[in-house]
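# Notes for the structure review
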Amino acid sequence: MSELNEQGNKLLALLADGEFHSGEKIGELLGVSRTSVNNYIKGLQEIGLDIYKVPGRGYQSASPIDLLNEKVVRALSRSQLVKVEQILDSTNQWLLDKIPNVRNGQTCIAEYQLAGRGRRGRTWVSPFASHLYFSYYWRFDAGIEKLSGLSLLVGIATVNALEKIGIQGVSLKWPNDLYFEGKKLAGILIELNAQANEACHTVIGIGINVRMPPEQAKLIDQPWVDLTSLSREKIDRNLLSATLILELQKLMPEYEKRGLKPYIERWLALDYFLDKPVNVLLAETQKAGICRGIDEAGALLLEVDGKVETYIGGEVSLRLA
Ligand code: BTN
C-alpha cells in the first residue's frame with residue numbers, strides 16, 4: 001500500500017478541518033452505508049489518526065489535519081529532489097532501494113511508515129500525518145572513514161532547523177538523539193551502503209515528534225516530548241521539512257571537506273551531558289565517569305579517575321548517572 005484509497009482520501013479531506021461531520025453526510029460523500037462509514041473511520045484510526053464519535057454530532061478529528069505537500073516543500077527548499085509519499089514501509093528503505101541511482105540531496109518524506117525503523121532494531125512509531133519521517137541521501141566519495149561524526153553533524157543540522165522555525169532550547173544527546181529537558185524529541189538513524197575502497201552511500205533518517213496522538217504515546221517506552229507542546233504557533237511540517245533540507249544542503253558539503261572539527265564548539269554548546277556524571281553502557285558492562293564532550297572524530301570523551309577515555313558511537317550508549 002502506498003496511498004489511502006479514493007474513499008479514504010475523501011474522508012481524510014473532510015475530517016481535516018477538525019469539525020464534526022455526521023455519519024449520514026460521510027456516508028453520502030463516500031457512497032456507502034452508515035455501517036461502512038464506521039469501517040472507514042476505523043481504517044483511519046488504525047493508522048494513527050485520532051478520530052472520535054460523539055452521539056448526535058458525528059465524527060471529528062481531535063485536531064485539524066495538515067498534510068504534507070510536495071510542491072510546497074520543493075518551493076520552500078528550492079530543491080526538486082523531494083519526494084512526498086503518503087504510505088511507505090520506511091523512508092530510509094525507499095532511498096536505500098534507489099542506490100546508486102540517486103543524487104546528493106534526494107529527500108523522501110512520508111505521512112505514515114508501516115515499518116519505521118529506530119536504532120538497535122527498534123520500531124519507530126509513525127502515526128499518520130502526526131510527525132516528520134524524513135530521509136536524505138548523501139554519497140561520500142572519500143569512503144567510510146569520514147562517517148564517524150556524521151550523526152553528530154546531522155543532530156546539529158536538525159537543531160539549527162528547529163531554531164530557524166522558532167523552537168529554542170533543544171539539546172543533543174550523544175551520539176544521535178535530540179532532547180528537550182530530558183525527554184526525547186527526535187532520533188537519527190543513518191544507514192549505509194558501502195563496499196571497501198568505493199564511495200559510501202548514506203541514508204540519513206530523521207524522525208521528529210510533531211504532534212503525538214495519545215493512543216500512539218502508549219506505545220513509546222521512554223520519556224518523550226513533541227514540538228506542538230513546545231510551541232505556541234502551529235507546527236508546519238512542510239516548512240520544517242524544507243528548513244531541514246536547506247540546513248543539510250549547507251552543512252553536508254562543508255562536513256565532507258572539513259569533517260566535524262568546525263562544529264565541535266556548536267556541539268558542546270548543545271550537549272545535554274556535558275560535564276555531567278554519566279554511565280556509558282557497553283555490551284556487557286557499564287562505565288561511570290564525567291562527560292567531557294567529543295573529539296574530532298565524534299567520539300565521546302569520558303573522564304574516569306582523572307583520565308579521559310574515548311568511546312565511538314555504535315558500540316555504546318549513554319545515560320545520566
Ligand atoms: C532512533 O531510534 O532514535 C532513530 C529513529 C529514526 C526514525 C526515522 S523516521 C524517518 C526514517 N525512516 C525510518 O524508518 N527511520 C528513520
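Residues numbered from 1 in each chain as written. Predicted model: local features only at pLDDT ≥ 70, side-chain atom pairs only at ≥ 80, totals over all residues. Heavy atoms only, no water.

Tallying secondary structure elements over the protein chain gives ten helices and 14 strands in all. Against the compact-globule benchmark of 20 Å for 321 residues, the protein chain has a radius of gyration of 21 Å, which places it among compact chains. Once the C-alpha set of the protein chain is aligned to its principal axes, its extents read approximately 70 × 45 × 35 Å. Across the 321 residues of the protein chain, 52% fall into the buried class. Sequence separation of 24 or more characterises 64% of the internal contacts of the protein chain that already satisfy a separation of 6 or more. If you sum the accessible surface of the protein chain, you get close to 15400 Å²; carbon and sulfur atoms cover 48% of it. Each charge class in the protein chain can be summarised by its mean position, and for the 37 positive and 39 negative side chains these summaries are 2 Å apart. (Helix = DSSP H or I, 4+ residues; strand = E, 2+ residues; numbered from the N terminus. Rg over C-alpha atoms; globule rule 2.2 N^0.38 Å. Buried < 20%, exposed > 50% of the residue type's maximum accessible area, 1.4 Å probe, protein only. Contact = heavy atoms within 4.5 Å. Areas by Shrake-Rupley, 256 points an atom, 1.4 Å probe, with all protein chains shown as cover. Lys, Arg positive; Asp, Glu negative; His and termini not counted. Charge placed at Lys NZ, Arg CZ, Asp CG, Glu CD.)

The geometry of two aromatic rings is summed up by the distance between their centres and the angle between their planes. Throughout the structure, instances matching the rule amount to five aromatic pairs. Ring plane angle 90 degrees and centroid distance 6.1 Å describe the contact between Phe-140 and Tyr-255, whose orientation is recorded as edge-to-face. Of this pair, Phe-140 sits in strand β5 (residues 132-140) while Tyr-255 sits in helix α9 (residues 237-258); the two residues are 115 residues apart in sequence, bridging distant segments of the chain. For the pair shown, Phe-140 and Tyr-255 are each scored as buried. Among the aromatic residues, those joined into a ring-pair cluster are Tyr-179, Tyr-272 and Phe-273. Cation over ring: Lys-98 sits above Trp-94, and NZ or CZ is 4.0 Å from the ring centre. (Phe/Tyr/Trp six-rings, centres within 6.5 Å; stacked < 30°, edge-to-face > 60°. Lys NZ or Arg CZ within 6 Å of the ring centre and 35° of its normal.)

What follows covers the sheet that holds strand β13 (residues 307-311). Strands sit in the order β13-β12-β11-β10-β14 across an open sheet of five strands; the sheet is antiparallel. Edge positions in the open sheet fall to β13 and β14 (317-320), since each of these has one partner strand only. In this sheet, adjacent strand axes meet at a mean angle of 45 degrees when their direction is disregarded. (Pairing = 2+ DSSP bridges. Axes fitted to C-alpha atoms, helices over the stretch in contact; angles between N-to-C directions.)

Residues in contact with the ligand amount to 20 residues; listed here are only the nearest, Ser-90, Gln-113, Arg-117, Arg-119 and Lys-184. In the model, a nitrogen atom of the ligand is placed 3.0 Å from a nitrogen or oxygen of the Gln-113 side chain. Contact distances for the ligand include 2.7 Å between an oxygen atom and a backbone N or O atom of Arg-119. Protein coverage of the free-state accessible area of the ligand, which is 420 Å², stands at 98%. Given that more than half its atoms are within 2 Å of the pocket grid, the ligand belongs to the largest pocket. Put simply, the parts of the chain that give the shell around the ligand at least two residues each are α5 (91-96), β5, β8 (183-194) and β9 (200-208). For the shell around the ligand, the element with the most residues is β8, which contributes four residues. Of the residues in the shell around the ligand, the class split is six nonpolar, ten polar and four charged. (Near = heavy atom within 4 Å. Polar contact = N/O pair within 3.5 Å; in protein donor to acceptor, adjacent residues only side chain to side chain. 1 Å grid on protein atoms, 1.4 Å probe; cavity = no way out; pocket = protein on both sides within 12 Å on 5 of 7 lines; lining within 4 Å. Sits in = over half its atoms within 2 Å of the grid points. Nonpolar A, V, L, I, M, F, W, Y, C, P; charged D, E, K, R; others polar.)

Before going further, it helps to examine the side chain of Arg-237. Relative to the helices and strands, Arg-237 is located in helix α9. A polar contact is formed between the side chain of Arg-237 and the side chain of Glu-111, at a distance of 2.8 Å. Residue contacts for Arg-237: discarding those within four places in its chain leaves Asp-66, Leu-67, Leu-68, Glu-111, Ala-129, Ser-130, His-131, Leu-132 and Val-210.

Turning our eyes to something else, we now look at the domain arrangement of the protein chain. Often, the extent of an interface is quoted as the loss of accessible area upon association of its parts. Taken domain by domain, the protein chain comprises domain 1 (6-61), domain 2 (70-267) and domain 3 (273-320). For domain 1 versus domain 2, the distance between C-alpha centres works out to 32 Å. Taken together, the contact between domain 1 and domain 2 spans seven residues of the former and nine residues of the latter. When the buried surface of domain 1 facing domain 2 is broken down by residue, Ile-47, Gly-48 and Asp-50 rank first, second and third, together holding 66% of it. In this structure, the connection of domain 1 to domain 2 is made through zero salt bridges. Inspection of the domain 1/domain 2 interface yields two residue pairs in polar contact (both at pLDDT 80 or more). The residue inventory of the side of domain 1 that touches domain 2, partitioned by class, reads three nonpolar, two polar and two charged. (Domains from an automatic or database assignment. Buried area = accessible area lost by both parts, 1.4 Å probe. Salt bridge = Lys/Arg side-chain N within 4 Å of Asp/Glu carboxyl O.)

Next up on the list: the pairing of strand β7 (residues 177-180). Burial of the side chains of β7 extends over both faces: Asp-177 and Tyr-179 are buried on one face and Leu-178 and Phe-180 on the other. As defined by bridge partners, strand β6 (residues 171-173) adjoins β7 across three bridges and the pair is classed as antiparallel. Paired with Ser-171 across the bridge in β7 is Tyr-179. Counting the residues between successive antiparallel strands, the hairpin from β7 to β8 contains two residues, one of them, Glu-181, with a positive phi of roughly 45 degrees.

For the rest of this paragraph, the subject is the sheet that holds β9. Spatially, seven strands are ordered β3-β4-β5-β9-β8-β7-β6 in an open sheet, and the strand pairing comes out mixed. Looking at strand neighbours, the two that pair on one side only are β3 (82-88) and β6, the edges of this open sheet. On average, each strand axis in the sheet is inclined to that of its neighbour by 25 degrees, with strand direction left out of account. Summarising the sheet, β5 and β9 pair through nine bridges and their orientation is antiparallel. Of the residues in β9, the one forming a bridge with Trp-138 is Thr-202. Of the strands in this sheet, β3, β4 (107-113), β5 and β9 are in contact with α9, which crosses β5 at around 20 degrees.

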